[in-house]
Amino acid sequence: MDKQISYQTSSDSTTSSTEPSPSDQPVTWRDFVTLAKPGILRSNLIATFGGFWLASGWNVDYIHLLWTLLGTMLVMASSCVFNNYFDRELDTKMIRTQDRVLATRRISPYIVLWYAIILGILGLAVLTLFSGLLAAAFGVLGMFVYVIIYTLWLKRSSTWSTSLGGISGAMPPVIGYVAVTNHVDLGAWLLFAMLFLWQPPHFWALGIRRVEEYRAAGYPLLPVVKGIQRTKYQMLPYIALLIPIPILMYMYNYTGIIFMIVSLVLSVLWFGMAVAGFRKQDNDKWAKTAFIFSINYLTISFIMMIIDTVHKG
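Criteria and cut-off values
- Residues numbered from 1 in each chain as written.
- Predicted model: local features only at pLDDT ≥ 70, side-chain atom pairs only at ≥ 80, totals over all residues.
- Heavy atoms only, no water.
- Buried < 20%, exposed > 50% of the residue type's maximum accessible area, 1.4 Å probe, protein only.
- Helix = DSSP H or I, 4+ residues; strand = E, 2+ residues; numbered from the N terminus.
- Arc of directions from axis to C-beta.
- Contact = heavy atoms within 4.5 Å.
- Phe/Tyr/Trp six-rings, centres within 6.5 Å; stacked < 30°, edge-to-face > 60°.
- Lys NZ or Arg CZ within 6 Å of the ring centre and 35° of its normal.

Quick look at helix H12 (residues 244–251)
Part 1 of the reasoning: Within the span of H12, buried status applies to Ile 245, Pro 246 and Met 249. Viewed along the axis of H12, the buried residues span an arc of 95°, placing them on a single side of the element.
Part 2 of the reasoning: Of the surrounding secondary structure, the elements contacted by the buried residues of H12 are helix H2 (38–56), helix H8 (186–209), helix H11 (228–242), helix H13 (257–276) and helix H14 (283–307).
Part 3 of the reasoning: Trailing H12 by a residue or two, Asn 253 shows a phi angle of about 65°, which is positive.

Digging into the environment of Ile 257
Part 1 of the reasoning: Locating Ile 257 in the fold gives a position in helix H13.
Part 2 of the reasoning: Once the C-alpha coordinates of Ile 257 and Asp 308 are considered, the two residues, 51 residues apart in sequence, prove to be 7.8 Å apart.
Part 3 of the reasoning: Once residues within four sequence positions are removed from consideration, Ile 257 is found in contact with Tyr 250 and Asp 308.

Focus on the packing of aromatic side chains
Part 1 of the reasoning: For the coordinates displayed, the defined rule picks out 14 aromatic pairs.
Part 2 of the reasoning: Arranged with centres 5.0 Å apart and planes meeting at 75°, the rings of Tyr 85 and Phe 86 form a pair that is edge-to-face.
Part 3 of the reasoning: In this structure Tyr 85 comes out as buried when scored by relative accessible area, which is 14%.
Part 4 of the reasoning: Under the relative-accessibility criterion, Phe 86 is labelled partly exposed at 27%.
Part 5 of the reasoning: Here the aromatic rings of Phe 192 and Phe 196 are separated by 5.5 Å at their centres, their planes lie at 10°, and the arrangement is stacked. Pair noted here: Phe 192 and Phe 196 are both in helix H8, with a separation of four residues, about one helical turn.
Part 6 of the reasoning: Among the aromatic residues, those joined into a ring-pair cluster are Phe 49, Trp 53 and Trp 58.
Part 7 of the reasoning: Seen from the ring of Tyr 85, Arg 88 lies directly overhead, with NZ or CZ sitting 4.4 Å from the centre.

Below, the structure written as structure tokens:
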């Protein structure tokens, strides 16, 4: 692992060290929705749905599916709220996060902490009762990695935060998959690999765009510590390892040839885009294009995987 690097996070020469004053804006239900990061929830619920659908092979128990989606959503929401709670001081140091409700002190941290705890308990209870112990266990693993390993430890101390934090982001499709199968097989591993490998190059593209903000906030993100060029090199193996996944899903009869072709083409295009990033150009413009492409890559891949799932039985 990288040498542990300590960054001062309590103050910075480019930011004020004084605490923000409580906001006079009234608290609404939308603030509690925002704390759960609905954008993250939407994308991960698509992944959960995809994992459930793939395991079902079109023979879908829709009630079981709805309970699994609900439980997964609550667990993910809990993790996101915990993330907001523990990052409330750091969020005041970045332009894109300084308007969050905890950064502006519109909601008491005590209330937010209990909100996260209640969401987590409800989510794990739903998964345990309706989706099985294995699905609940992966929910616990995802929460532990995101809240403890990523948020409280690596995010503040190591460039490995993005890579290892990807374990939590790869849990939703696995939860959906094992809710149907009640065991871990190659299909679960391929879904895990797909999400795990996708996340670092996706997030590093954002990190390159916001590198000075992350530097000012004291985050030891890879572009901050090792530089933009090193980050571009490190994106390559993750994207390259995505290329064989649709081939394996087709070979082992999880999906059809349409998904294999579409996902394969997208992976190769993304790799080509990453290689093109080494030419002399505007890093911000390139990173923005790569970031948007990564979002479309995942969305299109999962939609095609769902459409082209092999029928079973």
